[in-house]
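Chain by chain, the residues run as shown.
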Amino acid sequence: MTLKKTLFYLVTGGVFVFPLFLLLLQSISAPFRFHTGNGITLQWASYQRLWNDPYLIEATGTSVLIAFSVLVLNFLIALPAGKALATTTFRGKAILEAFLLAPLLIPVLAITMGLHLWMIRIGLADTAAGVILIHLIPTVPYSIKIFHNTYKQIGSSMLQQPEVLGAGKLQQLFTIELPLMKPAIRSTTFLTIVISLSQYAITSIIGGGQVRTLPMVFFPFMENADPSLMSAFSIWFALVPLAMYAIVEGMISFLPYTHTRWRNQR
């Protein structure tokens, strides 16, 4: 193992693994007090209290459903938008790009308050569909930017070669573009899932308390100031996006690698 790899693993362990280990240790330990001189006592009471919450499983399932729906819509919107912005030239392109990225500059809470009345009128308030739509506001601009930059790196010439060699649109998409964009798909997946799962304010406003997600179950736990219980819930909260990311990673691993044939003919 080279020195560079050794340093990489040490930094990764220090930044990610060690804090998670401390969080896990705190979740199964009684609160430690230096002035008492008592050692750390292992216990599982925090996880028992967590599982006794009647809304935990329901909120987890709802959060997963909403996050996956938001992810699919992000792909359907951001993939063609990013490709169009990277491969075409037209009047007003800069204005359109600024408009698509505007939600990053405007507070999402202000946008949500403005859309709340509109959703009430069309019947989307207090529904999961309304929550899914409002979660697109803080996620789609990032997805568009990621796919836009990736398509620019691939280049128009790479995308034109399959058409010259007789590939159809779907064949080009699934055998060339998507395999080449695996890093962008991974980044979009993780970012979208994490942002969607962490939304509390806009979910409570549009969902009206009828759509329970993990953040809405999590915040009442903060009132008891129990570090063990908070650590247990934090671990549960962290496992959800990791499990969802693993599922998506397994799905994109089936994408073909036939794009190497086109690359060799470039």
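Refer to the structure printed above.
Keep in mind that this is a model prediction, so the values were computed, not measured. Within every chain, residues take consecutive numbers counted from 1 along the sequence as written. Selection of residues for local features in this predicted model requires a pLDDT of at least 70, selection of side-chain atom pairs for listing and counting requires 80 or more, and totals for whole chains, interfaces and linings are taken over all residues. Water and hydrogen atoms play no part in the side-chain values, which are based on all heavy atoms of the structure.

A. Region of the structure containing the packing of helix α3 (residues 56-87) against helix α6 (residues 128-135). Only C-alpha atoms enter the line fits that serve as axes; for helices the fit covers just the stretch in contact. Angles between N-to-C directions range over 0 to 180 degrees. Runs of E in the DSSP output that reach at least two residues are strands. Runs of H or I that reach at least four are helices, and both are numbered from the N terminus. Closest axis-to-axis distance for the α3/α6 pair is 9 Å, and the angle between their directions is 50°. Overall, the two elements α3 and α6 adopt an arrangement that is oblique. Here α3 and α6 pass one another in a crossing that is right-handed. Contacts between α3 and α6 involve Ile-66, Ser-69, Val-70 and Leu-73 from the first element and Val-131, Ile-132 and His-135 from the second. Classifying every residue of the contact of α3 with α6 gives five nonpolar, two polar and no charged. Here the angle decides the label: under 35 degrees means roughly parallel, over 145 means roughly antiparallel, 65 to 115 means roughly perpendicular, and every other value means oblique. The sense of a crossing depends on the near helix, which, turned anticlockwise from the far helix by less than a right angle, makes the crossing left-handed and, turned clockwise, makes it right-handed. Residues count as neighbours in contact if any of their non-hydrogen atoms are within 4.5 Å of one another. Ten residue types, Ala, Val, Leu, Ile, Met, Phe, Trp, Tyr, Cys and Pro, are classed as nonpolar, four, Asp, Glu, Lys and Arg, as charged, and the remainder, Gly among them, as polar.

B. Molecular detail of the environment of Leu-178. Looking at the element boundaries, Leu-178 is found in helix α9 (residues 169-180). Relative accessible area serves as the criterion here: at 12%, Leu-178 is assigned to the buried category. For the exposure calls, accessible area comes from a 1.4 Å probe over protein chains only, and a residue counts as buried if that area is under 20% of its type's maximum, exposed if over 50%, partly exposed in between.

C. Here's a closer look at a nonpolar patch on the surface. The residues that make up patches have over 30% relative accessible area and no salt bridge, and they are joined within 9 Å when like-charged or within 5 Å when they are Val, Leu, Ile, Met, Phe, Trp or Tyr. Areas reported here follow the Shrake-Rupley algorithm with a probe of radius 1.4 Å; residue values treat only the protein chains shown as occluding. In the sections that follow, a salt bridge refers to a side-chain nitrogen of Lys or Arg positioned within 4 Å of a carboxyl oxygen of Asp or Glu. Residues Leu-104, Leu-105, Ile-106, Tyr-142 and Leu-191 make up a contiguous nonpolar surface patch of roughly 480 Å² in combined accessible area. In this fold, Leu-104 is placed in the loop between α4 (93-101) and α5 (108-122).

D. Here's a closer look at the pattern of salt bridges. Counted by the stated rule, this structure contains three salt bridges. The salt bridge partner of Arg-212 is Glu-58, with a shortest N-O separation of 3.7 Å. On the criterion of sequence distance, the pair formed by Arg-212 in the loop between α11 (201-207) and α12 (214-221) and Glu-58 in helix α3 is long-range, its members being 154 residues apart. Exposure remark for Arg-212: the relative accessible area of 27% places this residue in the partly exposed category. The class for Glu-58 is partly exposed, based on a relative accessible area of 39%.

E. Local environment of the side chain of Thr-60. Turning to its location among the elements, Thr-60 is positioned in helix α3. A relative accessible area of 12% means that Thr-60 is categorised as buried. Those residues in contact with Thr-60 that lie beyond four places of it in its chain are Leu-214, Trp-236 and Val-240.

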